[in-house]
Every structure is written in structure tokens, then in C-alpha cells.
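As a plain string of letters, each chain reads:
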Amino acid sequence: PSGAVLLDVNGIEVIYNHVILVLKGVSLVVPEGKIVALLGANGAGKTTTLRAISNLLRAERGHVTKGDITYRGERIESLSPADLVQRGVVQVMEGRHCFAHLSIEDNLLTGAYTRQLSRADLAIALERVYAYFPRLKQRRTSQAGYTSGGEQQMCAIGRALMAQPSMILLDEPSMGLAPQIVEEIFEIVRDLNQRERVSFLLAEQNTNVALRYADYGYILENGRVMMDGTAEDLAANEDVKEFYLGIS
Ligand code: ATP
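Residues numbered from 1 in each chain as written. Predicted model: local features only at pLDDT ≥ 70, side-chain atom pairs only at ≥ 80, totals over all residues. Heavy atoms only, no water.

What follows concerns the site of the ligand. Not every one of the 16 residues close to the ligand is listed here, only the nearest: Asn-42, Gly-43, Gly-45, Thr-47 and Thr-48. Within the contact set of the ligand, an oxygen atom lies 3.1 Å away from a backbone nitrogen or oxygen of Ala-44. In this structure, an oxygen atom belonging to the ligand sits 3.3 Å away from a side-chain N or O atom of Glu-172. Computed on the free molecule, the ligand has an accessible area of 620 Å², of which 70% lies beneath the protein chains in the complex. Judged by the fraction of its atoms near the pocket grid, the ligand is located in the second largest pocket. Per element, the largest residue contribution to the shell around the ligand is four residues, and it comes from helix 1 (residues 46–54). (Near = heavy atom within 4 Å. Polar contact = N/O pair within 3.5 Å; in protein donor to acceptor, adjacent residues only side chain to side chain. Areas by Shrake-Rupley, 256 points an atom, 1.4 Å probe, with all protein chains shown as cover. 1 Å grid on protein atoms, 1.4 Å probe; cavity = no way out; pocket = protein on both sides within 12 Å on 5 of 7 lines; lining within 4 Å. Sits in = over half its atoms within 2 Å of the grid points. Helix = DSSP H or I, 4+ residues; strand = E, 2+ residues; numbered from the N terminus.)

Below, the structure written as C-alpha cells:
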């Protein structure tokens, strides 16, 4: 993809439990201000790639055994997830992971804890999130566990936004959601990208929707990048259509 490189993943290999080689040399680039899609079937290695970047592998007994990862030119493999948040890289995990017993607003506030904002600045940060997610404002006193799947996904993205990231790693935002809600969420992703210049690396099994919103895409198969290209080129590619878009 074209543009100044923000995130550069270079030839990473990942194993879980010291034995299973899951990523077999994955390289990808996210340029500043772009939306890059990481595509592929269930089990292809998308989540593992995001975990390697945000250094969440260790919790899963996983390790990067080869390759390197840089963000704004700085090596980040040994940084903790909290250090990464400080540098502007925030992951939204698959399955949304809001705190079910906290209100939507309290969930959002947890996203800002690394920022040490004053009360006034916290209020400003909240209003900024609510401007993108009016539904969350309506539901701000509701317990997250009782809100819809779409609202919980919005809550998870909103919470990430509270940390004022320059890059969001977004894992399967469409999972389990009705098509109309998926569009709503992707529209907000596009808005955040265009208005706030937040860059995105988003893992998606829903190739169709991801390629409509992304600038560039990588297709993973079995822990390897099988193909990459502009979203437009991938959407027009016959193999992609056949295997990933369900159109022959
Ligand atoms: P999904 O859409 O299911 O998240 P994915 O493309 O994100 O799929 P990964 O979750 O990265 O794929 O999984 C890639 C491979 O790694 C799979 O074969 C999976 O079984 C294996 N794997 C994932 N997590 C672990 C783990 N904690 N321990 C062992 N193997 C794992």
C-alpha cells in the first residue's frame, strides 16, 4: 500500500505452546491514516497476527519466534500492551469484552485510565465518543451486559477511542451482528478514519463488507499472506470472488 508507514510487520512467525507454528512468516504494512483489512477464513491466523502486534500472545502461551514489528519506526515486540496504548496502539478484541456489570459510561471511562485526564478533559473525551456513537449516549446508564450485541461492539470501540489512539486493531467487528448494524459500525470506522485520522488494522471474515470500507487488504491462509492488494483490486479478483465473496 502507498503512504508513510505507521505499522510494519516483517516476517513474523508465531507458535503456541512451544510447538504449533501458526504464523509462518507474515508481513504487512499499515500506512498512516489508512484502513487495512486482514482477511481470511476461520483459523487462518488473523487474531494471532493482531495479538502479536499488541503483545497479547503471552496470555495465550504464544510467542513470536521470528521477524520484527515496528510502529513509527520503533521496535515494539517487547513493549507491554499498556506501553503500546501509551504510544497510540489500542486493540479491540474479538467478542467485544465490555464489562457486563458496568454501565456503558463506566466502561468508556475505563478506556481512559492510562491517560490520567482531568475531570473536565474526561468529560470532553466522553462527549467525543458520544458524538460518534449517539446510541451509547442514549444507553449510557445501562449495564453493558443488558445492551444489544451492536451496542456492546460500539462500547468496545468507544472505550478504545477514550485512549486517544492513532491506531486501532479491530478484531472481527461484524461477528454475530445483523447486516444493518455491521454497516452502521463500519460507517463509524470510516468516519473516525477520515475525521480523526485514526488508522485501522481490522481482521474480518466478512470480506465483502471489509473490502467496501478498507483501502487495502491482505488475505491470510494457513498462517501465510496468500494475496494482497488495494481493496478495489481484491474485490475485482476472480479468486477472491470465488473463495471469499461467495460469488462465482
Ligand atoms: P478466528 O476467526 O477464529 O479468530 P483467525 O484467523 O483469527 O480465526 P487464529 O485465532 O489466529 O485465527 O488461529 C490460528 C490458528 O492458531 C488456529 O489453528 C487456532 O486453532 C490456533 N490457535 C489460536 N489460539 C491458540 C492458542 N491459544 N493455543 C493454541 N493454538 C491456538
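Having seen the model, we can carry on.
Leu-108, Phe-133, Leu-136, Ile-168, Leu-170, Phe-200 and Leu-202 are the most contacted members of the largest nonpolar core, which totals 49 residues. Once you skip the residues sitting within four places of it in the chain, Leu-136 turns out to touch Ile-104, Leu-108, Val-129, Tyr-130, Glu-151, Met-154 and Cys-155. Judged by nonpolar contacts, the second largest core, of 32 residues, contains Leu-7, Val-36, Ile-53 and Leu-79. (Core = buried A, V, L, I, M, F, W, Y, C linked by side-chain atoms within 4.5 Å. Buried < 20%, exposed > 50% of the residue type's maximum accessible area, 1.4 Å probe, protein only. Contact = heavy atoms within 4.5 Å.)

This part is about the sheet that holds strand 9 (residues 216–221). The six strands are arranged 6-7-8-3-9-10 in an open sheet whose pairing can be described as mixed. Where the open sheet ends on each side, the last strands, each with one partner, are strand 6 (89–92) and strand 10 (224–230). The average angle at which neighbouring strand axes cross in this sheet is 15 degrees, direction not considered. Summarising the sheet, strand 9 and strand 10 pair through six bridges and their orientation is antiparallel. Across the sheet, Leu-220 pairs through a bridge with Val-225, a residue of strand 10. In this fold helix 1 packs onto strand 3 (35–39), strand 6, strand 7 (167–171), strand 8 (199–204) and strand 9, with an angle of close to 150 degrees to the strand it touches most, strand 7. Against the sheet, helix 6 (residues 149–162) contacts strand 6 and strand 7, and its axis sits at roughly 170 degrees relative to strand 6. (Pairing = 2+ DSSP bridges. Axes fitted to C-alpha atoms, helices over the stretch in contact; angles between N-to-C directions.)

Strands in a sheet are paired, the pairing made by backbone hydrogen bonds, and the direction either parallel or antiparallel. Pairing in this open sheet of four strands is antiparallel, and the strands run 2-1-4-5 from one edge to the other. Whereas interior strands pair on both sides, the edge strands pair on one side only; in this sheet they are strand 2 (20–31) and strand 5 (74–75). Most of the contacts of helix 1 go to strand 1 (residues 5–16), to which it runs at about 110 degrees, and overall it touches strand 1, strand 2 and strand 4 (62–71).

Under the definition given, this model contains 15 salt bridges. In this structure, the salt-bridge partner of Glu-184 is Arg-135, at a minimum N-O distance of 2.8 Å. Of this pair, Glu-184 sits in helix 7 (residues 179–196) while Arg-135 sits in helix 5 (residues 134–138), and the two are 49 residues apart along the sequence. With a relative accessible area of 25%, Glu-184 lands in the partly exposed category. (Salt bridge = Lys/Arg side-chain N within 4 Å of Asp/Glu carboxyl O.)

Let us look at the layout of surface pockets. By volume, the largest pocket is sized at about 560 Å³. Lining the largest pocket are 22 residues, with Val-85, Val-90, Gln-91, Met-93 and Arg-159 sitting closest to its centre. For the lining of the largest pocket, the elements supplying multiple residues, two or more each, are helix 2 (81–87), strand 6 and helix 6. Across the lining of the largest pocket, the residue classes tally to 14 nonpolar, six polar and two charged. The volume enclosed by the second largest pocket comes to roughly 180 Å³. Taken together, 14 residues form the lining of the second largest pocket, with Asn-42, Gly-43, Gly-45, Lys-46 and Thr-47 sitting closest to its centre. Looking at which element gives the most residues to the lining of the second largest pocket, the answer is helix 1, with four residues. Taken together, the residues of the lining of the second largest pocket sort by class into four nonpolar, six polar and four charged. (Points joined across faces, edges and corners; volume = space filled by probe spheres on them. Nonpolar A, V, L, I, M, F, W, Y, C, P; charged D, E, K, R; others polar.)

Another aspect to go through is the packing of helix 4 (residues 119–132) against helix 6. Running from amino to carboxyl end, helix 4 crosses helix 6 at an angle of 140 degrees, the nearest separation of the two axes being 10 Å. Of the possible angle classes, the one that applies to helix 4 and helix 6 is oblique. The chirality of how helix 4 crosses helix 6 is right-handed. Contacts from Leu-122, Ala-125, Leu-126, Arg-128, Val-129 and Tyr-132 of helix 4 reach helix 6 at Gly-158, Leu-161 and Met-162. (Parallel < 35°, antiparallel > 145°, perpendicular 65-115°, else oblique. Left-handed = near helix turned anticlockwise from the far one by under 90°.)

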